[in-house]
Amino acid sequence: MPHATAAQAAGPEAPKMTTVSVTGESERQIAPDYALLSLGLESKANTVAAAKSQNDAVMSTLISQLQQLGISKSDIQTTNFRVSPESYYDNSNQRKNSGYTVNNTITIKIKDLNQVSKAIDSAAQAGASDIHSLYFGSEKSDSFDDVLTIEAIQEARHKADVIAGALGMSIDGVENIYPQNASTQEPMYERVGLKAAALSTTTPIEAGSLIVRKQVSITYRLK
């Protein structure tokens, strides 16, 4: 009696599954309702104490001026504080200490967009040295998540149906799905020197609009 081979015993090989991968996207333009302004305060002195004292004085003046614009102290956050020794090499190639630099970075949440330009000008007048970044955002963006996700999935399904129909096939289910957050919020400014800017007049700021976007990548099984 003939014996069955291993391949025969395992049975016929299962047909390879046909799939199609598509990406769907949906977006909305919304008006921003707050700004995030990141400022750098830099002070240099012969000692750490002196450098920090100068920095604290600038910070105190800045906070006072921001509060006069209606910005709460709770909306001003320190995001980085660094003390760095400064040095140089003398004629005999010996390293010498020349003092210390204190860098203090704060982020300000400005809820009244009409005050953004005034906040920048106040920072310059108080003695802040840099604008690290200025972003506009919206507290309402999360409320669009569900609607945008549904629309992105619907667009992906439509693309898959078109492709399947062109192949004489139909959708047989979802193999995998990868939702992605793709909200765009680009910085309006990055690393701008305030002292060098000579801001003698009110800084013009236009908030514009934000694009809130959702993307989803889906792989469908075809039959």
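Higher on the page you've got the structure.
Residues numbered from 1 in each chain as written. Predicted model: local features only at pLDDT ≥ 70, side-chain atom pairs only at ≥ 80, totals over all residues. Heavy atoms only, no water.

Engineer: Looking at this model, I keep getting lost on the pattern of salt bridges. Mind explaining?
Structural biologist: Pairs may arise between side chains of opposite charge once their charged atoms sit close together. This structure, assessed with the given rule, holds ten salt bridges. Close ionic contact of Glu175 with Arg221 constitutes a salt bridge, the shortest N to O distance being 3.4 Å. Remark: Arg221 occurs in strand E8 (residues 210–222) and Glu175 occurs in strand E6 (residues 171–181); sequence separation between them is 46 residues. The exposure class of Glu175 is partly exposed, given its relative accessible area of 36%. Under the relative-accessibility criterion, Arg221 is labelled partly exposed at 24%. Salt bridges sharing partners connect three or more residues here, namely Glu25, Glu27 and Arg213. (Salt bridge = Lys/Arg side-chain N within 4 Å of Asp/Glu carboxyl O. Helix = DSSP H or I, 4+ residues; strand = E, 2+ residues; numbered from the N terminus. Buried < 20%, exposed > 50% of the residue type's maximum accessible area, 1.4 Å probe, protein only.)

Engineer: Honestly, helix H4 (residues 145–166) in this entry has me stumped. Any pointers?
Structural biologist: Count 3.6 residues to each turn of an α-helix, and residues three or four apart come out pointing the same way. The end-to-end C-alpha separation of H4 is 32 Å, in line with the 32 Å expected for 22 residues at 1.5 Å each. Looking only at H4, the buried set comprises Leu148, Ala152, Ala156, Ala160 and Ala164. One side of H4 holds all its buried residues, which, seen down the axis, span an arc of 145°. In H4, the exposed positions that point more than 90 degrees away from the buried face belong to Asp146, Gln154, His158 and Ala166. Just downstream of H4 lies Gly168, where phi reads positive at about 70°. (Expected span 1.5 Å × (residues − 1). Arc of directions from axis to C-beta.)

Engineer: Quick question: what am I supposed to make of the side chain of Ser38 here?
Structural biologist: Within the secondary structure, Ser38 sits in strand E2 (residues 34–45). If sequence neighbours within four positions are ignored, Ser38 has contacts with Thr105, Ile106, Thr107, Asp130, Ile131, His132 and Ser133. (Contact = heavy atoms within 4.5 Å.)

Engineer: What's the story with the side chain of Ser138 in this structure? I'm lost.
Structural biologist: On the secondary structure map, Ser138 appears in the loop between strand E5 (130–137) and H4. Within the local environment of Ser138, its side chain forms a polar contact with the side chain of Asp33, the two groups lying 3.4 Å apart. A polar side-chain atom of Ser138 sits 3.0 Å from the main-chain amide nitrogen of Lys140. (Polar contact = N/O pair within 3.5 Å; in protein donor to acceptor, adjacent residues only side chain to side chain.)

Engineer: What should I look at first to understand the environment of Thr23 in this one?
Structural biologist: Tracing the chain through its elements places Thr23 in strand E1 (residues 18–30). Assessed through its relative accessible area of 37%, Thr23 is described here as partly exposed. When residues no more than four places from it in sequence are discounted, the contact partners of Thr23 are Glu155, Ala156, Lys159, Val216 and Ser217. Engagement of the side chain of Thr23 in a polar contact is seen with the side chain of Ser217, the distance being 3.4 Å.

Engineer: Looking at this structure, I do not really get the packing of aromatic side chains. What am I missing?
Structural biologist: What describes a pair of aromatic rings is the distance from one ring centre to the other and the angle between the planes of the rings. In this structure the tally under the stated criterion is zero aromatic pairs. One Lys or Arg, Lys109, reaches over the ring of Tyr34 and ends 4.8 Å from the middle of that ring. (Phe/Tyr/Trp six-rings, centres within 6.5 Å; stacked < 30°, edge-to-face > 60°. Lys NZ or Arg CZ within 6 Å of the ring centre and 35° of its normal.)

Engineer: Just checking my understanding: could you explain unusual backbone geometry for this structure?
Structural biologist: For residues besides glycine, phi is generally negative; the peptide bonds are generally trans as well. In this structure, Asn93 is a non-glycine residue whose phi angle is positive, near 65°. Residue position: Asn93 is located in the loop between strand E3 (76–89) and strand E4 (95–110).

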